[in-house]
Amino acid sequence: MDEVVEVVAKLGATTDLSVDRAATALGRFKALLAVPEEDFEELASSILKVGVNSVATESQLVNIATQISSMGAFAGLTAQDVVGLSGALASVGAAPEISRGTLTRLFTLISRAVSGSGEELDKFAKISGVSSEQFASTWGTPAFGDTFLKFMDGINNSGKDAVAVLNDLGITSVRDVPLLLRLANAGREVGKAQSLLRDSFSDARSGWMENTELASQFGIIANTTASRLTVLQNNFQAF
């Protein structure tokens, strides 16, 4: 319990999240994505690294993550991939409720396609550049994060036909199509595969695996008297 309080206090001191909001965010990840308390420091480092390296603030990221965690779990996304996806959505200016609606409709279509194992599944697989069997095998597992990135690459590679490709998949909403196009195209350079979405996933994953970002960012501010007082107050509130 002391370790949890320390993580909450440090997260509150190094981000624009209040202590209460930081505690709530970690609690939601625990409840919706089965993140154990012993992994809270890794989760905090993941959130921080995405926040530091993107135009999204940690509070924007958390607001979206809170909305999409249930659907992320349904698709098989790991906690760090939900962080990465939330950071990318926040960076392209997506509102939390719209993000939730778009992903709910997209993942519902994918779920139905996988269950049907027919033409619709073939369409999703073709766009993603994998076989139908490969696409289906990753759905609902942690491996789906990479399949999702390939799918978004495929949307981008569709160029001027991207809208028609989405419509053919059953994605026609005036909210869903623009958001998915922004997410697929953001941060891409001609001739390069890298994108804002891939960068966000990479930062979230490395932040979790390295588990140094929280300590590093806290170390930067811990040298000032003001930061020490903030941590003291945060610890008191957390207790």
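See above for the structure.
Throughout what follows, the structure given in this document is the object of discussion. Remember, predicted model here, so these are calculated numbers, not experimental data.

Considerations on the environment of Gln80
With respect to the secondary-structure elements, Gln80 resides in helix α5 (residues 79–91). Along the sequence, Gln80 and Ala13 sit 67 residues apart, while their C-alpha atoms lie 21 Å from each other. Not counting the four nearest positions on each side in its chain, Gln80 is found in contact with Ser46, Ala204, Arg205 and Trp208.

Describing the pattern of salt bridges
For the structure on display, the rule yields 10 salt bridges. One salt bridge in this structure joins Asp81 and Arg205, with 2.7 Å as the shortest N-O distance. Here Arg205 lies in helix α12 (residues 196–210) and Asp81 lies in helix α5, a separation of 124 residues in the sequence. Relative accessible area serves as the criterion here: at 2%, Asp81 is assigned to the buried category. Overlapping salt bridges, with partners in common, bring together Glu119, Glu120, Lys123 and Asp168 in one network.

Considering α12
The terminal C-alpha atoms of α12, which comprises 15 residues, lie 21 Å apart, in line with the 21 Å expected from a rise of 1.5 Å per residue. Turning to α12, its buried residues are Leu197, Ser200, Phe201, Asp203, Ala204, Ser206, Gly207 and Trp208. Turning to α12, the residues buried within the fold contact α3 (40–53), α5, α9 (144–157) and α11 (176–185). Of the residues flanking the end of α12, it is Asn211, one or two places downstream, whose phi is positive at about 50°.

Brief notes about the packing of aromatic side chains
Counted under the stated rule, the structure contains nine aromatic pairs. On the basis of an interplanar angle of 85° and a centroid distance of 5.5 Å, the ring pair of Phe74 and Trp139 is categorised as edge-to-face. Separated by 65 residues along the polypeptide, Phe74 in helix α4 (residues 58–75) and Trp139 in the loop between α8 (132–138) and α9 bring together distant segments of the chain. Judged by its relative accessible area of 13%, Trp139 falls in the buried class.

Rules and cut-offs
- Residues numbered from 1 in each chain as written.
- Predicted model: local features only at pLDDT ≥ 70, side-chain atom pairs only at ≥ 80, totals over all residues.
- Heavy atoms only, no water.
- Helix = DSSP H or I, 4+ residues; strand = E, 2+ residues; numbered from the N terminus.
- Contact = heavy atoms within 4.5 Å.
- Salt bridge = Lys/Arg side-chain N within 4 Å of Asp/Glu carboxyl O.
- Buried < 20%, exposed > 50% of the residue type's maximum accessible area, 1.4 Å probe, protein only.
- Expected span 1.5 Å × (residues − 1).
- Phe/Tyr/Trp six-rings, centres within 6.5 Å; stacked < 30°, edge-to-face > 60°.

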